[in-house]
2 protein chains.
Amino acid sequence: MKKNYEKNMENKKQLIANSILFAGISPDQLAELADISHVKTYGRGESVFFEGDAADGFYKVIEGKVKIFKLSMEGREQILHIFGKGEPFGEVAVFQGRPFPANATVLGKGKLLFFPGPEFIRLVHANPSIALNMLAMFSMRLRRFATQIEHLSLKEVPGRLASHLLYLSEEQRNRDQVTLDIPKGQLASLLGTSPETLSRIFTKMNEEGIIRLQGKVISLLDRERLEAF
Amino acid sequence: MKKNYEKNMENKKQLIANSILFAGISPDQLAELADISHVKTYGRGESVFFEGDAADGFYKVIEGKVKIFKLSMEGREQILHIFGKGEPFGEVAVFQGRPFPANATVLGKGKLLFFPGPEFIRLVHANPSIALNMLAMFSMRLRRFATQIEHLSLKEVPGRLASHLLYLSEEQRNRDQVTLDIPKGQLASLLGTSPETLSRIFTKMNEEGIIRLQGKVISLLDRERLEAF
DNA sequence: AACCTTCCTTGACCTGAATCAAGTTTTCAT
DNA sequence: ATGAAAACTTGATTCAGGTCAAGGAAGGTT
């Protein structure tokens, strides 16, 4: 029915306007974007795209989380990035007009908004403020990647975990306690290690009184020592 | 003398116009840029900036090479990027208005062109084509970082070296032979390993007939096996 | 609630690569 | 050209962490 359709459009407009990328867009362009974008729903662990796929458009997370990752020939996985609610992904490939450089898969279930590429490219070229928004976003990601490279190369696994916990503490604005927002196995893949090693380190930190493990909730008992890793 | 000054200005204009970043700039802006920029000369291994320094401007390589790197607490070094002739660096920090996230040092001697930050920022905001140029550049770097993360985490050192040799072969447009453009120790730091390990792997590949080592020149005898790493 | 599946933990073992040490070669500056 | 310094190689040793294996906990589904 028509009512439903219009409600849906309003919804999409909300989702689009409420993003770093499209902040400051004109009503016309907003309507156009809402018109060409569409919602896709994904079952648990379903793939969004694969490395090498043509980048015919990019996505924005509405519900759930999406991991961007690379696979080794032996099947080991390295997560490059995990995108949460509201975050766009895949724009780099679209902007470059090149295939996706990595795989994307939903963690758990998810709902995404899809934007066809050509229209987006036109928009970026026509609208300098979008280009500037993208620059800001890309800059952030370059920084994040730089730290990831630093950690992978210069820190051992305990240090990487410590950094991540402190990062979560910052993000969740809680100095005493953090909640893991992804399964431990996925965290291992994000930190560039195996689930076994990660588990051992959790246990060790727990025994040494640096943290207190309670399932997905982790109390940071000794920030001093966490920062020293 | 005045003659010299004007010749210098023309020189700078040349250097600026001849860059991906400022392609398509107006003559006025070019003149302005040439006016505010200035050349800096560096002795062998001299630092350009340190991690944490305020990013008061960015640079473009005129002569030599510049390495961007992180240091671990124990003093180990991981090179994030090496910039060669013509390439700009430091714009991310300037654009973000945040401190430099890593150190920059000249490899050998070098000559750089320095652009003060505020003027550059104004230019980016005023000139959409520069913003688009930057987007293209940042996109490339994001891709490179992604591969670097992939290699560090999913490949062992021989594989990383193999990839690098093939990359050089591509870059130098020579399928049979590549020339190392940086010292082996620096290459080790770029690949995230120690000089000792790198040396051993070179020797091994040489013995196994995969490559032939002749100082800085390396013949790729068996691309098949290099690609299989 | 009971099932099945997925996720997590712990143990035993093994290997890639870092580190320390010492010698050799190359490169640079005078 | 020549000595000093830096860069590279090779050997011996150590260890972080990956892999294989198997048991235990948790979570979603009927």
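Here goes a summary of the coordinates provided.

About the cut-offs
- Sequence positions are assigned chain by chain, starting from 1 and proceeding in written order.
- A letter from A marks each chain and a number from 1 marks each ligand, given out in the order of writing.
- For this predicted model, a pLDDT threshold of at least 70 governs which residues receive local features, and a threshold of 80 or more governs which side-chain atom pairs are given and counted, while totals over whole chains, interfaces and linings are taken from all residues.
- With hydrogens and water set aside, each side-chain value is computed from the structure's full complement of heavy atoms.
- Counting from the N terminus, the helices are DSSP H or I runs at least four residues long and the strands are E runs at least two residues long.
- The criterion for a residue being near a molecule or strand is simple. One of its heavy atoms has to lie within 4 Å of it.
- Definition of a polar contact: a pair of N or O atoms within 3.5 Å, with one able to donate and the other able to accept a hydrogen when the atoms are protein atoms, and with sequence-neighbouring residues admitted only if both atoms are side-chain atoms.
- Only Asp, Glu, Lys and Arg are considered charged, only Ala, Val, Leu, Ile, Met, Phe, Trp, Tyr, Cys and Pro nonpolar, and every remaining residue, Gly among them, polar.
- When the centres of two rings from Phe, Tyr and Trp lie within 6.5 Å, Trp using its six-membered ring, the rings pair. Their planes under 30 degrees apart give stacked, over 60 give edge-to-face, and anything left gives tilted.
- Partly exposed describes any residue whose relative accessible area lies between the buried limit of under 20% and the exposed limit of over 50%, with all areas from a 1.4 Å probe on protein chains only and scaled to the type maximum.
- The criterion is that NZ of a Lys, or CZ of an Arg, lies within 6 Å of the ring centre and within 35 degrees of the ring normal, and then a charge sits over that ring.
- Two strands qualify as a pair provided that DSSP identifies no fewer than 2 bridges between them.
- Helix axes use the C-alpha atoms of the stretch in contact, all axes being lines fitted to C-alpha atoms, and the angles between their N-to-C directions lie in the range 0 to 180 degrees.
- For this analysis, residues touch if any pair of their heavy atoms sits within 4.5 Å.
- Salt bridges are identified by distance alone: a Lys or Arg side-chain nitrogen within 4 Å of an Asp or Glu carboxyl oxygen.

## Considerations on unusual backbone geometry
If a residue is not glycine, its phi is most likely negative; likewise, a peptide bond is most likely trans. For Arg173 of chain A, which is not glycine, the phi dihedral falls at a positive 50 degrees. Mapped onto the elements of the fold, Arg173 of chain A is located in the loop between α6 (157–171) and β7 (177–179).

## A short note on the protein's contact with DNA strand D
In the region of DNA strand D, 17 residues are neighbours, and Thr193 of chain A together with Lys184, Gly185, Arg200 and Thr203 of chain B sit closest. For DNA strand D, the fraction of protein-proximal atoms (within 4 Å) that sit in sugar or phosphate groups is 60%. With respect to DNA strand D, the backbone of Val157 of chain A contributes an N or O atom lying 3.0 Å from a phosphate oxygen. Note that a base oxygen of DNA strand D is positioned 2.9 Å from one of the side-chain N or O atoms of Arg200 of chain A.

## Details of the protein's contact with DNA strand C
Taken together, 18 residues are adjacent to DNA strand C, and Lys184, Gly185 and Thr203 of chain A together with Thr193 and Thr197 of chain B come closest. Counting only atoms of DNA strand C within 4 Å of the protein, the fraction found in sugar and phosphate groups is 66%. Val157 of chain B places a main-chain nitrogen or oxygen 2.9 Å from a phosphate oxygen of DNA strand C. Secondary structure elements with two or more residues in the surface near DNA strand C: α7 (184–191) and α8 (195–207) of chain A together with α6 (157–171) and α8 (195–207) of chain B. Ranked by residue count, the leading element in the surface near DNA strand C is α8 of chain A, at 4 residues. Looking at the surface near DNA strand C residue by residue, the class counts come to 3 nonpolar, 7 polar and 8 charged.

## A look at the packing of aromatic side chains
For the structure shown, the criterion picks out 22 aromatic pairs over all chains. Relative to Phe115 of chain A, the ring of Phe22 of chain A lies with its centre 5.6 Å away and its plane at 55 degrees, an arrangement referred to as tilted. Residue Phe22 of chain A is found in the loop between α1 (2–17) and α2 (27–36), and its partner Phe115 of chain A is found in strand β6 (residues 103–116); the two are separated by 93 residues along the sequence. For the pair Phe22 of chain A and Phe115 of chain A, a shared accessibility class is recorded, and that class is buried. Summarising the aromatic geometry, the rings of Phe83 of chain A and Phe89 of chain A are spaced 5.7 Å apart at their centres and angled 15 degrees between planes, so their arrangement reads as stacked. Counting every residue linked through ring pairs, the aromatic cluster contains Phe49, Tyr59, Phe83, Phe89, Phe100 and Phe114 of chain A. Note that Lys184 of chain A overlies the ring of Phe202 of chain A, its terminal NZ or CZ placed 5.6 Å from the centroid. Over the ring of Phe69 of chain B we find Lys67 of chain B, and its NZ or CZ is 4.9 Å from the ring centre.

## Some points on the pairing of strand β6 (residues 103–116) of chain B
In summary, the side chains of a regular strand alternate between the two faces of the sheet. All names here are of chain B. Most of β6 is tucked away, with 10 of its 14 residues classed as buried. Summarising the sheet, strand β1 (residues 38–42) and β6 pair through 5 bridges and their orientation is antiparallel. Bridge assignment links Tyr42 to a residue of β6, and that residue is Gly110. Direction of pairing for strand β2 (residues 47–49) relative to β6: antiparallel, over a ladder of 2 bridges.

## Concerning the sheet that holds strand β9 (residues 217–220) of chain A
Residue and element names in this part refer to chain A. Strand order in the open sheet made by the 3 strands is β7-β9-β8, with antiparallel pairing throughout. Two strands close off the open sheet at either side, each with one partner strand: β7 and β8 (211–214). Here the average twist between neighbouring strands, direction ignored, is 20 degrees. α8 contacts β8 and β9 of the sheet and is inclined by roughly 120 degrees relative to β8.

## Concerning the pattern of salt bridges
Overall, the coordinates contain 19 salt bridges over all chains when judged by the stated rule. Ionic pairing is found between Lys111 of chain A and Glu63 of chain A, a salt bridge with its closest N-O pair at 3.9 Å. Highlighted residues: Lys111 of chain A in strand β6 and Glu63 of chain A in strand β3 (residues 57–71), separated in sequence by 48 residues. What makes Lys111 of chain A partly exposed here is its relative accessible area of 30%. The partly exposed category is assigned to Glu63 of chain A, whose relative accessible area is 44%. Here Glu119 of chain B ties to Arg122 of chain B by a salt bridge, and the two come within 2.4 Å at their closest N and O atoms. In this pair, Glu119 of chain B and Arg122 of chain B both sit in helix α4 (residues 117–126), 3 residues apart, roughly one turn of the helix. Three or more residues are tied together by salt bridges with common partners; here these are Glu51 and Lys70 of chain A together with Glu150 of chain B.

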